[in-house]
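Each chain is listed here by its residues.
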Amino acid sequence: MSDVESPAYVPGHGLLKDRTAVITAAAGAGIGGATARRFLEEGARVLISDAHARRLKETERALAEEFGTSRVTSLPCEVTDEDQVQALFDTAAQLHGGLDIVVNNAGLGGTSPLVDMTDEQWTKVIDVTLNGTFRCTRAALRLLKDKGGGGVLVNNASVVGWRAQTGQAHYAAAKAGVMALTRCAAVEAAAYGVRVNAVSPSLAMHPHLVKVTTPELLEELTAREAFGRYAEPWEVANVIVFLASGYSSYMTGEVVSVSSQRA
């Protein structure tokens, strides 16, 4: 692990004031949870979702204590289940008069050499990471198209969608698919004023990553970063805030690398 210090936390500037956002996979200490917090600090209202109902409720309570119950709502959602996805966006449509922003953060990783990878391992990663993003993007665009007046989607991709990494064929294929989905959705959504972009992080540290990755691999990945450290989840969330805000009003179909990776 790196002992290089992270930069100071950036305070909110009201960039998302009075906007309503849906954020998937937002329970816990990863990018989704950091994005929910950053959105609240920027003045948004959030509907957070996650497949883990208990952790989701704990996250909702903690955020509501800090930012107020009127600005934080939660609903469990498995992005592999179309009925649950539809229920999530039906709820979003009923809250606060509509929907402005969607952050598709749900994804599933894992490590397996391709020759040993089972159909089940491949299919599970693809279904959560790519198909789940598709289901949520489709539901969001239907809602935003009917609403009129624009909106923003931000998808979470990964640098492995561009760069090869041993044991990551399923995850890399899924994230490359998210990038292609982002570009195609953006072309279609532009007709009704909706922007669709993606972030592509390299290494953002959170507790789940520590559980599923060996210390040796984490050390190797950290060594590839020019800053000599991994990203804090909130550093990725800052770029998501930028893409969700008016500061990126002329950007759509873009995949923004959030990385200091050298190779």
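Rules and cut-offs
Residues numbered from 1 in each chain as written. Predicted model: local features only at pLDDT ≥ 70, side-chain atom pairs only at ≥ 80, totals over all residues. Heavy atoms only, no water. Helix = DSSP H or I, 4+ residues; strand = E, 2+ residues; numbered from the N terminus. Buried < 20%, exposed > 50% of the residue type's maximum accessible area, 1.4 Å probe, protein only. Pairing = 2+ DSSP bridges. Axes fitted to C-alpha atoms, helices over the stretch in contact; angles between N-to-C directions. Parallel < 35°, antiparallel > 145°, perpendicular 65-115°, else oblique. Left-handed = near helix turned anticlockwise from the far one by under 90°. Contact = heavy atoms within 4.5 Å. Nonpolar A, V, L, I, M, F, W, Y, C, P; charged D, E, K, R; others polar. Polar contact = N/O pair within 3.5 Å; in protein donor to acceptor, adjacent residues only side chain to side chain. Expected span 1.5 Å × (residues − 1). Arc of directions from axis to C-beta. Core = buried A, V, L, I, M, F, W, Y, C linked by side-chain atoms within 4.5 Å. Right-handed = clockwise from strand over helix to strand, strands pointing away. Salt bridge = Lys/Arg side-chain N within 4 Å of Asp/Glu carboxyl O.

Student: For this particular structure, what's the right way to read the overall build of the protein?
Tutor: Secondary structure assignment for the protein yields 8 helices and 7 strands. Relative to its full complement of 263 residues, the protein shows a buried share of 50%.

Student: Explain the sheet that holds strand E4 (residues 101-104) to me, please; I cannot follow it from the model alone.
Tutor: Backbone hydrogen bonds hold the strands of a sheet together, and the pairing may be parallel or antiparallel. With respect to topology, 7 strands assemble into an open sheet ordered E3-E2-E1-E4-E5-E6-E7, the strand pairing being parallel. If you trace the sheet from one side to the other, it starts and ends with strand E3 (72-74) and strand E7 (255-258), each paired once. Looking at each pair of strands side by side, their axes are set apart by 20° on average, direction ignored. Relative to strand E6 (residues 194-201), strand E5 (residues 151-156) runs parallel, the two sharing 6 bridges. When the sheet's bridge partners are listed, Gly151 is paired in E6 with Val194.

Student: Any chance you could explain the packing of helix H1 (residues 31-41) against helix H2 (residues 53-67) here in plain terms?
Tutor: Geometry of a packed helix pair, given as the angle between the helix axes and the separation of the axes. Put simply, H1 and H2 touch, their axes get as near as 11 Å, and they point 15° apart. On the basis of the axis angle, H1 is roughly parallel to H2. For H1 against H2, the interelement crossing comes out right-handed. Of the residues in H2, those in contact with Ala36, Arg37, Leu40 and Glu41 of H1 are Leu63, Glu66 and Phe67. Split into classes, the residues belonging to the contact of H1 with H2 amount to 4 nonpolar, no polar and 3 charged.

Student: Help me understand the side chain of His170 in this model?
Tutor: For His170, the location among the structural elements is in helix H5 (residues 169-189). Not counting residues within four places of it along the chain, the set of residues in contact with His170 comprises Gly110, Thr111, Met117, Gln121, Trp122, Val125 and Ile126.

Student: I tried to follow the side chain of Glu60 on my own but got confused; where do I start?
Tutor: Following the sequence through the fold, Glu60 ends up in helix H2. Taking relative accessible area as the criterion, Glu60 reaches 12% and is therefore assigned buried. At a separation of 2.9 Å, a polar atom in the side chain of Glu60 contacts the side chain of Lys57.

Student: Can you help me understand H2 in this one?
Tutor: Counting along an α-helix, one turn takes 3.6 residues, and residues three or four places apart therefore face a common direction. Taking 1.5 Å per residue as the helical rise, H2 with its 15 residues ought to reach 21 Å, and the 21 Å between its terminal C-alpha atoms agrees with that figure. All of the buried residues in H2 are Leu56, Thr59, Glu60, Leu63, Ala64 and Phe67. Taken down its axis, H2 places every buried residue within 130° of arc, on the same side. Opposite the buried face of H2, by more than 90 degrees, sit the exposed residues Arg54, Arg61 and Glu65. Next to the buried residues of H2 lie H1, strand E2 (45-48) and E3. With its phi angle positive at about 105°, Gly68 sits one or two positions after the end of H2.

Student: Help me understand the nonpolar core in this model?
Tutor: Note that soluble globular proteins tend to have their nonpolar side chains buried in a common cluster. Phe39, Val199 and Ile240 are the most contacted members of the largest nonpolar core, which has 31 residues in total. Those elements giving two or more residues to this core turn out to be strand E1 (20-23), H1, E2, H2, E4, E5 and helix H8 (233-244). Counting residues per element, this core draws most heavily on H8, at 6 residues. Beyond its immediate chain neighbours, meaning those up to four positions away, Ile240 contacts Ile31, Thr35, Phe39, Val103, Val154 and Val199.

Student: How do you make sense of the pairing of E2 when you look at a structure like this?
Tutor: Side-chain positions along a regular strand alternate between the two faces of the sheet. With burial as the criterion, each face of E2 is covered, one bearing Arg45 and Leu47 and the other bearing Val46 and Ile48. Sheet topology note: the E1/E2 ladder contains 4 bridges and is parallel. Across the sheet, Ala21 pairs through a bridge with Val46, a residue of E2. Crossover handedness for the path E1 to H1 to E2: right-handed. For E2 and E3, the ladder comprises 3 bridges, and the chain directions are parallel. For Leu47, the partnering residue across the bridge sits in E3 and is Thr73. Traced from E2 through H2 to E3, the parallel crossover comes out right-handed.

Student: What is the right way to read the pattern of salt bridges from this model?
Tutor: Once their charged atoms are close, side chains differing in charge can pair, the charge on each being opposite to the other. Counted under the stated rule, the structure contains 8 salt bridges. Its salt-bridge partner being Glu42, residue Arg38 comes within 3.5 Å of it at the nearest N-O pair. Between Lys147 and Asp100 there is a salt bridge, with the nearest N and O atoms lying 2.9 Å from each other. Placement of the pair is Lys147 in helix H4 (residues 119-147) and Asp100 in the loop between helix H3 (82-94) and E4, with a sequence separation of 47 residues. Here the salt bridges share partners, and the residues they tie into one network are Arg38, Glu41 and Glu42.

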